[in-house]
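Close look at the chain arrangement
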Number of protein chains: 2
Amino acid sequence: MQVKEAVIERRSGVALWRQIADRMRREIGEAALGGDGRMPPETALAERFGVNRHTVRTAIAALVQEGVLRAEQGRGTFVEGRKRLAYPIRSRTRFSEGLAGQSRGLAADLLDHATEKAAADVAKALHLSPGAPVIRLETLSHADGRPVSRARSWFDAERFAGMAEAFAQTRSITASFREFGLADYLRHSTVVTARHAEAGDLKDLRLSPGAIVLVTTAINVDTRGKPVQYSETRFAADRIELHIPGSEAQ
Amino acid sequence: MQVKEAVIERRSGVALWRQIADRMRREIGEAALGGDGRMPPETALAERFGVNRHTVRTAIAALVQEGVLRAEQGRGTFVEGRKRLAYPIRSRTRFSEGLAGQSRGLAADLLDHATEKAAADVAKALHLSPGAPVIRLETLSHADGRPVSRARSWFDAERFAGMAEAFAQTRSITASFREFGLADYLRHSTVVTARHAEAGDLKDLRLSPGAIVLVTTAINVDTRGKPVQYSETRFAADRIELHIPGSEAQ
DNA sequence: TTAATTTGTCTATTGTTCTAGACAATTAAA
DNA sequence: TTTAATTGTCTAGAACAATAGACAAATTAA
C-alpha cells in the first residue's frame, strides 16, 4: 500500500503546489519519477503527496509551463525535459567546449552591452583602478533550445576595445579573445553560490518563481597571469551541474 | 524618492513574506542591507517592497527565527547573522582546515552510521563490486554554533572497519583516516548542484522551507589514486560559498 | 462498440495570506 | 518631561490557495 509521505509542509510560505512541483522536478531529473518517460496519473500523485488532485494539477501545470512535462488529455502526462548538462570547471574552462557533445544547438546571444566605470569589485578583479573604463556584456546561452545560463562579464575597455562587436559576431568569448591576439587564457578562480532566481533571470532563463540559480563568479587570466575577464554567471540549477575535477586530472 | 521595486511576484506560489525574507537574507549577506548592523524601519521596508508593513513583519519574524535578525521594541531591528563562510575546494580539501580562521567553534557530530551493501553509484565511486560492504556515516557540521553542512559519506568497510567509532572520537575525517595509516588523501572530483532543501535537512540545518542547499558529490582518493571516500554534502546556501581556485594556485 | 482510464473544466466551500487601520509599549532624542 | 521613532498586538475584510465533488472530453483496451 502506498503510504502518504510527510514531506510537504503547510503554512510554510510556500504553496503546496509549488513544493510538489519543485519535488517532482528534482525527482524527474534523478529519473526517480517518470523514468520511463511517463508520469503516474494525477490521482496516484495526489494520494502519494497527500493532497487534492487539483493541487497536483496546479503543480503539473507549472512544470508544463517550464517545458519539463507535457500533458495529453486521455493519454497521460509525459516527461519532456532532459537530464542536467554537466558543465566542467577547470583551468581551461570554455563555455561551448564544455557542453559540446552533450547537446546540440549551442548558442550565445548578446542581450546588452555598455562601456562604464569599474565598480570596486570589478576593478579589484581586473587589476584596474576604480573608475577605469570597462566593457560590460550581458549574455544568454542556450543548449538544445533551452536557456541555460545568463552571464554578466567585464573586460578592460582599453585592451579589449570593440569586445561587444566581436562577441556579437563570433558569439563566443574564446573566439572574441582570439581577435585581440589572445590565443589562450586560464581560469584563475571560481566562487560558487546558489540563490533564488531574480525577476530578470526568471524571464530570461524561462524559470518559474522559486527556482534556483547556481551563481559562479569567475576570473580568467592570460598566460602571463593578467586578468582579462571578470564574470558572474547564473545557471538554471535544474538544467546544469558543475563538475570540478581534482588537480591531477586538470 | 524611494520608488517601489517590482521584484516581488504575486500568484507565484511563494508567499510575499517568504520572497521578501529570501531577498533580505541575501542582501544582508552581501551587506547591501543592514551593512551597518541596523536594518531600515519596517515602514521603509514595506514601502520599498510595495507591501503592507505586516507582510514585512512576517518576513522579519522568519529571519529572527533563523537567527539572521534580532528585533528590539522601540529601538529597531539588527543584523545578527554573519557573512557567508568561504569553503575552498582544492586538491587537499579538508573540512576543518577550510573554515579555520574564518570561524570559531568548528564541530562535527555523528548523527548516524551503518554498515550496508554498496548501491550502484557508491560501488562505482569507490571501485568496489555492487553489494560489497560499505560504512555509511551521517554527519552534521557547525561553525560558530550555526549548522553549516550535512554530509553522507561511504567508506570501504573492509579497509576502514571501525570508521564510525574513529569519527565519533576524533570528530574529523582527516584524523580518522590517520588512525588507519592514511596520512594524506586528495580530492579526485567534485560535482556541484543546488536544490531546495528536503525536510530532514531543513530540520538539521535549521533552515526554513524554500531554503536552498548547495550539494557537492565528491570522491577522495589516497596518494596511489585508490578511492577512499565517497560523499554527498548539503551546505546551507546562505551560509557558505564554494571557492574553487584555478589549477596553478593549487 | 463498450468500458476503463486519464486529463480538462466547472462550482462551491474552507483555510491561509495579505491588506488596512488603530493603538499600545518601548526607546532615544529634544 | 515631552515628542518622535520604532516595534508589538489586535481586529476585520479582501485576495489567494486548497479541498471536495461532479461531469466532460479524449484515448486505449477489452
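These remarks concern the structure in this document. (Residues numbered from 1 in each chain as written. Chains lettered and ligands numbered in written order. Predicted model: local features only at pLDDT ≥ 70, side-chain atom pairs only at ≥ 80, totals over all residues. Heavy atoms only, no water.)

Along the polypeptide, Ser 176 of chain A turns up in helix α7 (residues 173-179). Contacts of Ser 176 of chain A, omitting those with residues within four sequence positions, involve Met 163, Ala 166, Phe 167 and Thr 170 of chain A. (Helix = DSSP H or I, 4+ residues; strand = E, 2+ residues; numbered from the N terminus. Contact = heavy atoms within 4.5 Å.)

Residues and elements named next belong to chain A. Positive phi, normally seen in glycine, also occurs at Arg 171, with a value near 55°. Tracing the backbone shows Arg 171 in the loop between α6 (163-170) and α7. Even without being a glycine, Arg 206 presents a positive backbone phi close to 50°. By secondary structure assignment, the location of Arg 206 is in the loop between α8 (199-204) and β8 (212-222).

Let's shift gears to the pattern of salt bridges. All told, the structure shown has 40 salt bridges over all chains when counted by the stated rule. A salt bridge links Arg 48 of chain B to Glu 27 of chain B; the shortest N-O distance between them is 2.9 Å. In this pair, Arg 48 of chain B is assigned in helix α2 (residues 42-49) and Glu 27 of chain B in helix α1 (residues 16-29), connecting sequence segments 21 residues apart. Each of the two residues, Arg 48 of chain B as well as Glu 27 of chain B, counts as buried. When salt bridges that share partners are traced, they join Glu 116, Arg 136, Glu 138, Arg 150, Arg 152 and Asp 204 of chain A into one network. (Salt bridge = Lys/Arg side-chain N within 4 Å of Asp/Glu carboxyl O. Buried < 20%, exposed > 50% of the residue type's maximum accessible area, 1.4 Å probe, protein only.)

What follows is about the relation of the copies chain B and chain A. Mapping chain B onto chain A calls for a rotation angle of 180° and an axial translation of 0.2 Å; the resulting RMSD is 0.2 Å. With respect to symmetry, the two chain copies, as superposed, fit the operation of a two-fold axis. Among all residues of chain B, the minimum C-alpha distance to the rotation axis is found for Val 14 of chain B, at 2.2 Å. Most of the interface of chain B is mirrored in chain A: 100% of its interface residues are interface residues there too. (Least-squares fit on C-alpha atoms with pLDDT ≥ 70 in both.)

Turning our eyes to something else, we now look at the protein's contact with DNA strand C. Taken together, 24 residues surround DNA strand C, and among them Arg 53 of chain A together with Leu 16, Trp 17, His 54 and Thr 55 of chain B come closest. Sugar and phosphate atoms represent 62% of those atoms of DNA strand C found within 4 Å of the protein. Here Trp 17 of chain B contributes a side-chain N or O atom positioned 3.3 Å from a phosphate oxygen of DNA strand C. Between DNA strand C and Gln 73 of chain B there is a distance of 3.0 Å, counted from a base nitrogen to a side-chain nitrogen or oxygen. Taken together, the elements giving at least two residues each to the surface near DNA strand C come down to α3 (53-66), β1 (69-72) and β2 (76-79) of chain A together with α1 and α3 (53-66) of chain B. It is α3 of chain A that contributes the most residues to the surface near DNA strand C, three residues altogether. When grouped by side-chain class, the residues that make up the surface near DNA strand C number six nonpolar, eleven polar and seven charged. (Near = heavy atom within 4 Å. Polar contact = N/O pair within 3.5 Å; in protein donor to acceptor, adjacent residues only side chain to side chain. Nonpolar A, V, L, I, M, F, W, Y, C, P; charged D, E, K, R; others polar.)

Moving on, we come to the interface of chain B and chain A. By convention, interface size is frequently given as the accessible area that disappears when the constituent parts associate. Contacts between the two partners involve 40 residues from chain B and, on the opposite side, 40 residues from chain A. Contact between chain B and chain A buries roughly 3,400 Å² in total, counting both sides, with carbon and sulfur atoms accounting for 59%. Taken together, the links from chain B to chain A amount to zero salt bridges. Our count for the contact surface shared by chain B and chain A stands at five residue pairs in polar contact (both at pLDDT 80 or more). Mapped onto the side of chain B that touches chain A, the elements with two or more residues apiece are α1, β7 (185-196), α8 (199-204), β8 (212-222) and β10 (240-245) of chain B. The leading source of residues in the side of chain B that touches chain A is β7 of chain B, at eleven residues. (Buried area = accessible area lost by both parts, 1.4 Å probe.)

Turning next to the packing of aromatic side chains. Under the definition given, this model contains 14 aromatic pairs over all chains. Between the aromatic rings of Phe 177 of chain B and Tyr 185 of chain B, the centroid separation amounts to 5.1 Å while the plane-to-plane angle is 70°, which identifies the pairing as edge-to-face. Through pairs of rings, three or more aromatic residues link up here, namely Phe 155, Phe 160, Phe 177, Phe 180 and Tyr 185 of chain A. (Phe/Tyr/Trp six-rings, centres within 6.5 Å; stacked < 30°, edge-to-face > 60°.)

Residues and elements named next belong to chain A. Among the eleven residues of β8, ten are classified as buried, and the element is accordingly described as predominantly covered. Where β8 meets strand β9 (residues 227-236), nine bridges bridge the pair, whose relative direction is antiparallel. Bridging from a neighbouring strand, Val 215 pairs with Arg 234 of β9. Once β8 ends, the chain turns through four residues before running back antiparallel as β9, passing Gly 225 with a positive phi of about 90°. (Pairing = 2+ DSSP bridges.)

Below, the discussion takes up the sheet that holds strand β4 (residues 107-117) of chain A. If you trace the eight strands from one edge of the open sheet to the other, you get β4(A)-β5(A)-β6(A)-β9(A)-β8(A)-β7(A)-β10(B)-β3(B), paired in mixed fashion. The open sheet is flanked by β4 of chain A together with β3 (85-88) of chain B, the only strands paired with a single partner. The average angle at which neighbouring strand axes cross in this sheet is 20°, direction not considered. Examined bridge by bridge, β3 of chain B and β10 of chain B share four bridges and lie parallel to one another. (Axes fitted to C-alpha atoms, helices over the stretch in contact; angles between N-to-C directions.)

Residues and elements named next belong to chain A. Here strand β6 (residues 146-156) lies mainly inside the structure; ten of its eleven residues are buried. Linking strand β5 (residues 133-143) back to β6 in an antiparallel pair, the connection comprises two residues, with Asp 144 at a positive phi of about 55°. Pairing between β6 and β9: six bridges, direction antiparallel. Within β9, the position partnered with Arg 150 by the bridge is Arg 234.

Our next topic: the nonpolar core. In terms of nonpolar packing, the biggest core is built from 28 residues, with Leu 214 and Leu 242 of chain A together with Leu 214 and Leu 242 of chain B touching the most fellow members. Of all the secondary-structure elements, those providing two or more residues to this core are β3 (85-88), β7 (185-196), β8 and β10 (240-245) of chain A together with β3, β7, β8 and β10 of chain B. In this view, Leu 242 of chain B contacts Thr 190, Val 191 and Val 192 of chain A together with Tyr 87, Ile 89, Val 192, Leu 214, Thr 216 and Phe 235 of chain B; residues no more than four positions away in its chain are not counted. One finds Leu 16, Met 39, Ile 60 and Leu 63 of chain A within the second-largest nonpolar core, a separate group that totals 20 residues. (Core = buried A, V, L, I, M, F, W, Y, C linked by side-chain atoms within 4.5 Å.)

What follows deals with the protein's contact with DNA strand D. Near DNA strand D, the surroundings consist of 24 residues, among which Leu 16, Trp 17, His 54 and Thr 55 of chain A together with Arg 53 of chain B are the closest. Take the atoms of DNA strand D that sit within 4 Å of the protein: sugar and phosphate atoms are 64% of them. In this structure, Asn 52 of chain A approaches DNA strand D through a main-chain N or O atom, which is 3.0 Å from a phosphate oxygen. With respect to DNA strand D, the backbone of Glu 42 of chain B contributes an N or O atom lying 2.9 Å from a phosphate oxygen.

Okay, α3 of chain B next. Residue and element names in this part refer to chain B. Between its first and last C-alpha, α3 extends 20 Å over 14 residues, near the 20 Å set by a 1.5 Å rise per residue. All of the buried residues along α3 are Thr 55, Val 56, Ala 59, Ile 60, Ala 62, Leu 63 and Glu 66. Projection of α3 onto a plane perpendicular to its axis shows the buried side chains occupying an angular sector of 155°, all on one side. In α3, those exposed residues whose orientation departs by more than 90 degrees from the buried face are His 54 and Gln 65. Looking at the packing, one finds that the buried side of α3 touches α1, α2, β1 (69-72) and β2 (76-79). Its side-chain oxygen at 2.9 Å from the backbone nitrogen of His 54, Asn 52 defines the N-terminal cap of α3. (Expected span 1.5 Å × (residues − 1). Arc of directions from axis to C-beta.)

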